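# Coordinate inspection notes
Residue strings, one per chain:
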Amino acid sequence: MDATRRDGGGEAERLLAERTADLQRVKAEYDNYRKQVRRDRMAVREIAVANVLTALVPVLDAVDRACAHEPLTPGLKDIVDTLWAQLGALGVQGFGEEGDLFDPACHEAAVHHASQAAEGLVCAEILRSGYRVGDRLLRPAFVAVTGPV
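Report follows, based on the coordinates. (Residues numbered from 1 in each chain as written. Predicted model: local features only at pLDDT ≥ 70, side-chain atom pairs only at ≥ 80, totals over all residues. Heavy atoms only, no water.)

We now examine the overall build of the protein chain. Along its length, the protein chain carries two helices and six strands. The secondary structure elements of the protein chain, listed N-terminal to C-terminal, are α-α-β-β-β-β-β-β. In summary, the protein chain has a C-alpha radius of gyration of 30 Å against a globular reference of 15 Å for 149 residues, an excess of more than 25%. Seen along its three principal axes, the alpha-carbon backbone of the protein chain occupies a region of about 100 × 45 × 20 Å. Out of the 149 residues in the protein chain, the part that is buried amounts to 19%. Intrachain contacts of the protein chain at a sequence separation of at least 6 include 64% that bridge at least 24 residues. When the accessible surface of the protein chain is split by element, carbon and sulfur atoms take 57% of a total near 10700 Å². (Helix = DSSP H or I, 4+ residues; strand = E, 2+ residues; numbered from the N terminus. Rg over C-alpha atoms; globule rule 2.2 N^0.38 Å. Buried < 20%, exposed > 50% of the residue type's maximum accessible area, 1.4 Å probe, protein only. Contact = heavy atoms within 4.5 Å. Areas by Shrake-Rupley, 256 points an atom, 1.4 Å probe, with all protein chains shown as cover.)

Here's what the structure looks like:
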């Protein structure tokens with residue numbers, strides 16, 4: 001009778017080990033699925049944010065023009081500060097400074113001025129600022145460059 005119990009006990013242990021392995025496998029698959037869904041949601045969010053921000057680039061241009069051609073009144077200053085605070089919270093960064101090395105990945109050259117003294121292409125004038133969010137380029141900076149002949 002003890003031998004029968006041992007055989008039945010061995011079968012039960014084997015089935016328990018199989019079910020435990022199955023459960024662990026299903027749990028691992030579910031964890032992987034959950035991680036993939038989280039990554040997919042983050043990617044969709046990043047794309048949606050980038051699309052909205054790209055649509056706001058003309059607003060940034062209009063604000064820049066207003067600041068360049070109008071006296072900076074307290075109301076306009078408040079609008080500019082609030083706009084940049086909100087865009088900064090979303091990760092938007094403006095770029096394009098005079099003196100930056102020209103990078104065709106993020107600058108678009110409109111004019112090239114030749115200079116005997118220049119060793120490489122340098123942004124001489126920023127005609128329109130560029131914007132990025134994280135590693136994503138929203139718009140390249142539109143620049144005039146100075147460089148070798």
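With five of seven residues buried, strand β6 (residues 141-147) lies mostly within the body of the structure. Where strand β2 (residues 107-114) lies against β6, seven bridges are found, and the strand directions are parallel. Residue pairing in the sheet places H112 in a bridge with V145 of β6. Note: strand β3 (residues 122-128) against β6, five bridges, orientation antiparallel. Counted as the bridge partner of I126 is V143 from β6. (Pairing = 2+ DSSP bridges.)

So, on to the environment of P71. The topology assignment puts P71 in the loop between α1 (2-69) and α2 (74-89). For P71 and G130, which are 59 residues apart along the polypeptide, the C-alpha to C-alpha distance reads 24 Å.

Bringing the side chain of R139 into the picture now. Within the secondary structure layout, R139 lies in strand β5 (residues 136-139). A polar contact of 2.6 Å, which involves the side chain of R139, links it to the side chain of D61. Excluding residues that lie within four positions of it along the chain, R139 makes contacts with V57, D61, F95, R128, S129, G130 and Y131. (Polar contact = N/O pair within 3.5 Å; in protein donor to acceptor, adjacent residues only side chain to side chain.)

What follows deals with the pattern of salt bridges. By the definition in use, this model includes eight salt bridges. A salt bridge links D61 to R139, with the nearest nitrogen and oxygen atoms 2.6 Å apart. Taken together, the positions of D61 in helix α1 and R139 in strand β5 put the pair 78 residues apart, joining distant regions of the chain. Across this residue pair, the class does not change: D61 and R139 are buried. Connected through salt bridges with shared partners, the residues E11, R14, E18 and R19 form a single ionic network. (Salt bridge = Lys/Arg side-chain N within 4 Å of Asp/Glu carboxyl O.)

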